[in-house]
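Breakdown of the fold
Read off the chains here:
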There are 2 protein chains.
Amino acid sequence: MDPASAPAPAPGPEPRWLDDSERHLWLTYLQATTLLEDHLDRQLQRDAGMPHLYYAILVHLSQAPRRRLRMTQLAKNLKITRSRLSHAAARLEQRGWMVREDCPSDKRGQFAVLSEDGREVLRRSAPGHVGAVRQALFDRLSPGQQKSLGEIMEIIAEGLQPDEADADLPWLR
Amino acid sequence: MDPASAPAPAPGPEPRWLDDSERHLWLTYLQATTLLEDHLDRQLQRDAGMPHLYYAILVHLSQAPRRRLRMTQLAKNLKITRSRLSHAAARLEQRGWMVREDCPSDKRGQFAVLSEDGREVLRRSAPGHVGAVRQALFDRLSPGQQKSLGEIMEIIAEGLQPDEADADLPWLR
DNA sequence: AGTCATTGCTTGAGAGTTAAACTATCAAGG
DNA sequence: CCTTGATAGTTTAACTCTCAAGCAATGACT
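Reference entry: report on the structure contained in this document. Owing to the predicted nature of the structure, the values given are computational and were not obtained by experimental measurement.

1. Let's talk about the pattern of salt bridges
All names here are of chain A. Here the structure, examined in full by the defined rule, presents 24 salt bridges over all chains. As a salt-bridge pair, Arg 68 and Glu 101 come within 3.0 Å of each other at their nearest N and O atoms. Of this pair, Arg 68 sits in strand 1 (residues 68-70) while Glu 101 sits in strand 2 (residues 98-102), and the two are 33 residues apart along the sequence. A salt bridge links Arg 123 to Glu 116; its shortest N-O distance comes to 3.3 Å. Residue Glu 116 is classed as partly exposed on the basis of its relative accessible area, which comes to 47%. Because the salt bridges share partners, they merge into one network encompassing Glu 116, Arg 119, Glu 120, Arg 123 and Arg 124.

The structure is reproduced here in structure tokens:
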């Protein structure tokens, strides 16, 4: 079956355009997400001396079992590329906030491990950051809106995951 | 209901921590927005040879009265810094997709003007991009969810506008 | 005319990101 | 053993973004 049963010669040359309300929603989405990301980036840079991503990395490590995660797993959790994580890890290691340890069972593997200094910097900066998130987001949305936002973001994320079902079993046809 | 289970004395040093559902919403928000932004960035880089921001710049210009906007106004529309726009404009000008023209009434001013090549590259890449946005966002959300998302994003953006919200200056006066 | 703060925009350097290439290891078969 | 192909992670170079500093024109005030 064709994905689109259009009588066009080329693969669907004219997609449905965005109508006014869709265009407005999309514009607002872009503005809000840029504003929020920039706001938090600045807040963290100012108060903790690191960009948002680095903070997120430390948080994820701090919540992991022995405060350690394999690089690839960490990248997956954060939805970033391994390359990006690799660079960030180098920086974080330079600052003494994490270390990389060899994985005994797989010599290719590396564990990213939150250091004591890393825990400390998190302890110091977490309250301010949580405050910023709360002030920018949670304090402004009703419980119902929070629920909606959660469902919506879940749907968006779901649609963009490198499909695990296929990715896990590419050799099955 | 007990939003804050800790007997926090005041909104001073210890901010209300995020509870489980808030933490989950925040995590999902971050993942969804990164996934979507990365997805569109890649889509545009692949199909149009430019990052999402550059595309957004061209779109805004194409919708402006004589396909031109003052730099500062354009930066405000896009919620980015003038510096960032300046660098991007240099790139776009290099590629021949826009030009800068002096403002006759204010010799400091510059107009960013969409060039004919710029219109052309937009014409070519817009359908694919709109398709990507539709597929990732609009096709997955019910009308009600779209309405909710619009309201929510409006609220978030409103709270972060640097302009009118100078309400937070308790240290002054 | 002369100062002086402000506005509009650009620049340079350093930090961060990206895609693609690269090293090393693993695992399955021959 | 020795291939072959996948996986784990890093690295390179090109690009983009940020921040702070800079310059020139403007406007207000003298």
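2. As for the environment of B:Ala89
Tracing the backbone shows B:Ala89 in helix 4 (residues 82-94). For the pair formed by B:Ala89 and B:Leu58, sequence separation is 31 residues and the distance between their alpha carbons is 10.0 Å.

3. What to know about the packing of aromatic side chains
Taken as a whole and judged by the stated rule, the model has 2 aromatic pairs over all chains. Judged by centre distance (5.3 Å) and plane angle (10°), the ring pair of B:Trp26 and B:Tyr29 falls under stacked. Of this pair, B:Trp26 and B:Tyr29 both sit in helix 1 (residues 20-48), 3 residues apart, roughly one helical turn. By relative accessible area, B:Tyr29 is classed as buried at 3%. When the ring centre of A:Phe111 is taken as reference, the NZ or CZ atom of A:Arg70 above it lies at 5.9 Å.

4. Some points on the sheet that holds strand 3 (residues 110-114) of chain B
Residue and element names in this part refer to chain B. The sheet built from 3 strands is open, its strands ordered 1-3-2 with antiparallel pairing. On the outer flanks of this sheet lie strand 1 (68-70) and strand 2 (98-102), each paired with one strand and no other. On average, adjacent strands in this sheet sit at an angle of 30° to one another, irrespective of strand direction. Each of strand 1, strand 2 and strand 3 is contacted by helix 2 (residues 52-63), which is oriented at about 95° to strand 3, the strand it contacts most.

5. So, the packing of helix 6 (residues 143-160) of chain A against helix 1 of chain B
Two elements in contact, helix 6 of chain A and helix 1 of chain B, have axes whose closest approach is 8 Å; the angle formed by their N-to-C orientations is 40°. Taken together, the axes of helix 6 of chain A and helix 1 of chain B are oblique relative to one another. Along this stretch, helix 6 of chain A crosses helix 1 of chain B, giving a crossing that reads as left-handed. Across the interface between the two elements, A:Gln146, A:Leu149, A:Gly150, A:Met153, A:Glu154, A:Ile156, A:Ala157 and A:Leu160 from helix 6 of chain A touch B:Glu22, B:His24, B:Leu25, B:Thr28, B:Tyr29, B:Ala32, B:Leu35, B:Leu36 and B:His39 from helix 1 of chain B.

Thresholds, definitions, all that
Residues numbered from 1 in each chain as written. Chains lettered and ligands numbered in written order. Predicted model: local features only at pLDDT ≥ 70, side-chain atom pairs only at ≥ 80, totals over all residues. Heavy atoms only, no water. Salt bridge = Lys/Arg side-chain N within 4 Å of Asp/Glu carboxyl O. Helix = DSSP H or I, 4+ residues; strand = E, 2+ residues; numbered from the N terminus. Buried < 20%, exposed > 50% of the residue type's maximum accessible area, 1.4 Å probe, protein only. Phe/Tyr/Trp six-rings, centres within 6.5 Å; stacked < 30°, edge-to-face > 60°. Lys NZ or Arg CZ within 6 Å of the ring centre and 35° of its normal. Pairing = 2+ DSSP bridges. Axes fitted to C-alpha atoms, helices over the stretch in contact; angles between N-to-C directions. Contact = heavy atoms within 4.5 Å. Parallel < 35°, antiparallel > 145°, perpendicular 65-115°, else oblique. Left-handed = near helix turned anticlockwise from the far one by under 90°.

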